[in-house]
Amino acid sequence: GAVVSQHPSRVICKSGTSVKIECRSLDFQATTMFWYRQFPKKSLMLMATSNEGSKATYEQGVEKDKFLINHASLTLSTLTVTSAHPEDSSFYICSASGLAGGKGYEQYFGPGTRLTVT
Amino acid sequence: DAKTTQPNSMESNEEEPVHLPCNHSTISGTDYIHWYRQLPSQGPEYVIHGLTSNVNNRMASLAIAEDRKSSTLILHRATLRDAAVYYCIPSQGGSEKLVFGKGTKLTVNP
């Protein structure tokens, strides 16, 4: 299957600073990428849908000015957590969408980035 | 959006088959049924998807009820590496978005 990478895998930052997380599709071009957040023992929550060359679409309740998403190329999307606070500590996961035959889409997920804000 | 109901947890023994059920009674006629799984501290992994007919791949089989209101993911011989949370996710009106529910946590006993 297709490979999606994330960098960094873990990051610790101080409260008030910004952190950038990269998501790359390594062997295919992804016109659409998705960003999720997952708190301990909870399910994944979709934060936003990112389309190459256009503004991201954020889910209800997700602050677009706090979670900046850039999808500048078909293989790279970035999520920047601005002015991070301890409550932003979470597991951030990206995925890239590819056709899986017919009209069904298959999403390929990255390994996740563990963010800890102190 | 179609809602799903899955058992919170299930247990299986190694080498035995596992049937993971999912109810999606509000699914629309054109929504695919996707299954993903997530191992601890990893991103989810695609397992299988289908529309109406039963589907097989190297990982699993998907049995879809004739009325499409439920489906069952079948792992033919569970291994310890199959221990994960399994998510049944109907597509959302043709959208690529995946809305994750709580899933079923599968424990495989040696």
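Here is what the cut-offs are and how they apply
Residues numbered from 1 in each chain as written. Chains lettered and ligands numbered in written order. Predicted model: local features only at pLDDT ≥ 70, side-chain atom pairs only at ≥ 80, totals over all residues. Heavy atoms only, no water. Pairing = 2+ DSSP bridges. Helix = DSSP H or I, 4+ residues; strand = E, 2+ residues; numbered from the N terminus. Axes fitted to C-alpha atoms, helices over the stretch in contact; angles between N-to-C directions. Disulfide = S-S within 2.5 Å. Buried < 20%, exposed > 50% of the residue type's maximum accessible area, 1.4 Å probe, protein only. Salt bridge = Lys/Arg side-chain N within 4 Å of Asp/Glu carboxyl O.

1. Remarks on the sheet that holds strand β8 (residues 84-90) of chain B
Residues and elements named next belong to chain B.
In step 1: Overall, mixed pairing links the five strands, which are arranged β1-β9-β8-β3-β4 in an open sheet. On the outer flanks of this sheet lie β1 (9-13) and β4 (45-50), each paired with one strand and no other. This sheet shows a mean twist of 25 degrees between the axes of neighbouring strands, independent of strand direction.
In step 2: Here β8 runs beside strand β9 (residues 104-109); their pairing, made up of three bridges, is antiparallel. Each residue of the ladder has a partner; that of Tyr86, found in β9, is Thr104.

2. Looking at the state of the cysteines
Covalent bonding between the sulfur atoms of two cysteines is what defines a disulfide.
In step 1: Taken as a whole, this structure holds two disulfides over all chains when the rule is applied.
In step 2: The side chain of Cys23 of chain A participates in a disulfide bridge whose partner is Cys94 of chain A; the two sulfur atoms lie 2.0 Å from each other. Its torsion about the S-S bond being 80 degrees, the disulfide of Cys23 of chain A and Cys94 of chain A is classed as right-handed. Residue Cys23 of chain A is located in strand β3 (residues 19-25), and its partner Cys94 of chain A is located in strand β9 (residues 90-99); the two are separated by 71 residues in the primary sequence. Each member of the pair Cys23 of chain A and Cys94 of chain A is classed as buried.
In step 3: A sulfur-sulfur distance of 2.1 Å marks the disulfide that ties Cys22 of chain B to Cys88 of chain B. Across the disulfide from Cys22 of chain B to Cys88 of chain B, rotation about the S-S bond amounts to roughly -75 degrees, and the bridge is consequently left-handed. With Cys22 of chain B in strand β2 (residues 18-23) and Cys88 of chain B in strand β8, this residue pair connects regions lying 66 residues apart in the sequence.

3. A short note on the environment of Arg77 of chain B
Residues and elements named next belong to chain B.
In step 1: By secondary structure assignment, the location of Arg77 is in the loop between β7 (70-75) and β8.
In step 2: On the accessibility criterion, Arg77 (56% relative accessible area) is exposed.
In step 3: Along the sequence, Arg77 and Thr4 sit 73 residues apart, while their C-alpha atoms lie 25 Å from each other.

4. Remarks on the sheet that holds strand β1 (residues 4-7) of chain A
Residue and element names in this part refer to chain A.
In step 1: Here we have four strands laid out as an open sheet, ordered β1-β3-β8-β7, and antiparallel in their pairing. Strand pairing shows two members of the sheet lacking a second neighbour, β1 and β7 (67-73), which therefore form its edges. Put simply, the sheet's adjacent strands are angled 15 degrees from each other on average, direction ignored.

5. Quick word on the pattern of salt bridges
In step 1: A complete count under the given rule lists six salt bridges over all chains for this structure.
In step 2: Glu22 of chain A serves as the salt-bridge partner of Arg24 of chain A, at 3.5 Å between the closest nitrogen and oxygen.
In step 3: With its nearest N and O atoms 2.8 Å apart, the salt bridge here joins Arg37 of chain B to Asp82 of chain B. One end of the pair, Arg37 of chain B, is in strand β3 (residues 33-38); the other, Asp82 of chain B, is in the loop between β7 and β8, and 45 residues separate them in sequence.

6. Considerations on the pairing of β9 of chain B
All names here are of chain B.
In step 1: Only one face of β9 is covered, namely the one carrying Thr104, Leu106 and Val108; the face carrying Lys105, Thr107 and Asn109 has none of its residues buried.
In step 2: As paired elements, β1 and β9 share five bridges and run parallel to each other. In the strand pairing of β9, Met10 is matched with Leu106.

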